[in-house]
Amino acid sequence: MRDVLMTIYPWLTAGHVIFMVFWLAGLFMLPRQCIYILDAAPGSEEEAKWSHRMGLLRKIILSPSMIVVWVLGLTQAVAMDMFSQGWLHIKITLVVILTAYHGWLVGQTKRMARGERPLDEKTLRLVGEIPGILLILIIVTLYVGRLYLV
Ligand code: HEM
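Treat the numbers as computed from the prediction; the structure is a model and nothing was measured. Throughout, a residue's number is its position along its own chain's written sequence, starting from 1. It should be noted that, the model being predicted, local features are given only for residues of pLDDT at least 70 and side-chain atom pairs only at 80 or more, the latter also being counted only at that level, while totals for whole chains, interfaces and linings use all residues. Heavy atoms throughout the structure, all of them, feed into the side-chain values; hydrogens and water do not.

### Brief notes about the coordination of the iron atom of the ligand
In an ideal tetrahedron of four donors about a metal, each angle is 109.5 degrees. In an ideal octahedron of six donors, the angles are 90 or 180 degrees. We apply this condition: Here the term donor refers to an N, O or S atom within 2.8 Å of the metal (or 3.2 Å for Na, K and Ca), and because water is left out of the atoms, sites may appear incomplete. Every geometry call rests on angle ranges, with four donors termed tetrahedral when all angles are between 85 and 135 degrees, four termed square planar and six termed octahedral when opposite donors are over 155 degrees apart and all others are between 65 and 115, and everything else termed irregular. Each helix is a run of DSSP H or I of at least 4 residues and each strand a run of E of at least 2, with the numbering of both proceeding from the N terminus. Working definition: with a 1.4 Å probe on protein chains only, accessible area under 20% of the residue-type maximum means buried, over 50% means exposed, and in between means partly exposed.
Bound to the iron atom of the ligand are the protein donor atoms His-16 (NE2) and Lys-91 (NZ), situated 1.7 to 2.0 Å from the metal. Around the iron atom of the ligand, the 6 donor atoms are arranged such that angles at the metal cover 86 to 178°; this shape is classified as octahedral. In this pair, His-16 is assigned in helix α2 (residues 9-38) and Lys-91 in helix α4 (residues 86-113), connecting sequence segments 75 residues apart. One exposure class covers both His-16 and Lys-91, and it is buried.

Below is the structure:
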């Protein structure tokens, strides 16, 4: 099994990085869409349009990309037998936080689609920075942390 995974390893890494970009792009876009829906009156056509767009972003980009990143990341770790390496523990912890943020934000968008306004624009702008900060920490862990934490 590991031989097969090693043969396709470069493809696993390529897919992992490509879908990581899709996932992060979706996470950058979603708070923007939440800010646009704030201007729409609850129950209006405008609100329905934005909640439809948010639903598409979630179903077509965000959730599938997140699943593919997890599956390919874990498969690479199995292929290279990396689970004892400290940098990977830190990386997985950061990705768990990113996944929790994803789930929380999707929950907020569902509330907004029902006409609720749980977050104001300032808060949305602030939480919109979270994926960027986590991305920096994950990449630094991957390329710098692993030099010291093998
Ligand atoms: C729990 C989910 C994840 C796991 C288990 C995981 C695990 C891994 C593993 C084992 C590698 C291969 C390292 C190597 O070949 O030496 C890798 C590569 C990579 N991961 Fe992840 N990863 C996950 C999520 C993420 C996320 C969310 C990001 C970015 C935000 C990310 C960014 C990258 C990048 C850029 C590479 C390419 C490294 C290279 O070959 O230069 N990963 N990941």
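The discussion continues.
### A look at a nonpolar patch on the surface
As a reminder of what qualifies: Patch membership requires over 30% relative accessible area and the absence of a salt bridge. Like charges are linked within 9 Å, and nonpolar side chains (Val, Leu, Ile, Met, Phe, Trp, Tyr) within 5 Å. Accessibility throughout is a Shrake-Rupley quantity obtained with a 1.4 Å probe, and a residue counts as covered only by protein chains that appear here. Definition used for salt bridges: Asp or Glu carboxyl oxygen within 4 Å of a side-chain nitrogen of Lys or Arg.
On the surface, a cluster of nonpolar side chains totalling about 910 Å² of accessible area is made up of Ile-90, Ile-136, Ile-139, Val-140, Tyr-143, Val-144, Leu-147, Tyr-148 and Leu-149. Locating Ile-136 in the fold gives a position in helix α6 (residues 130-148). By relative accessible area, Ile-136 is classed as exposed at 55%.

### Comments concerning the packing of α2 against helix α3 (residues 45-79)
The axes of two packed helices give the description: the angle between them and the distance between them. Applied cut-off: The axes used here are C-alpha line fits, helices contributing only the stretch in contact, and every angle between their N-to-C directions lies in the interval 0 to 180 degrees. Under this scheme an angle from 65 to 115 degrees is roughly perpendicular, one under 35 degrees roughly parallel, and one over 145 degrees roughly antiparallel; angles in between are oblique. Each helix crossing is assigned a hand: it is left-handed if the near helix lies turned anticlockwise from the far helix by less than a right angle, otherwise right-handed if that turn is clockwise. Note on residue classes: Ala, Val, Leu, Ile, Met, Phe, Trp, Tyr, Cys and Pro are nonpolar, Asp, Glu, Lys and Arg are charged, and everything else, Gly too, is polar.
Direction vectors running N to C along α2 and α3 enclose 155°, while the axes themselves pass 7 Å from each other. What the angle tells us is that α2 and α3 run roughly antiparallel. Helix-helix and strand crossings are classified by hand; for α2 and α3 the assignment is left-handed. Partitioned by chemical class, the residues of the contact of α2 with α3 number 23 nonpolar, 10 polar and 2 charged.

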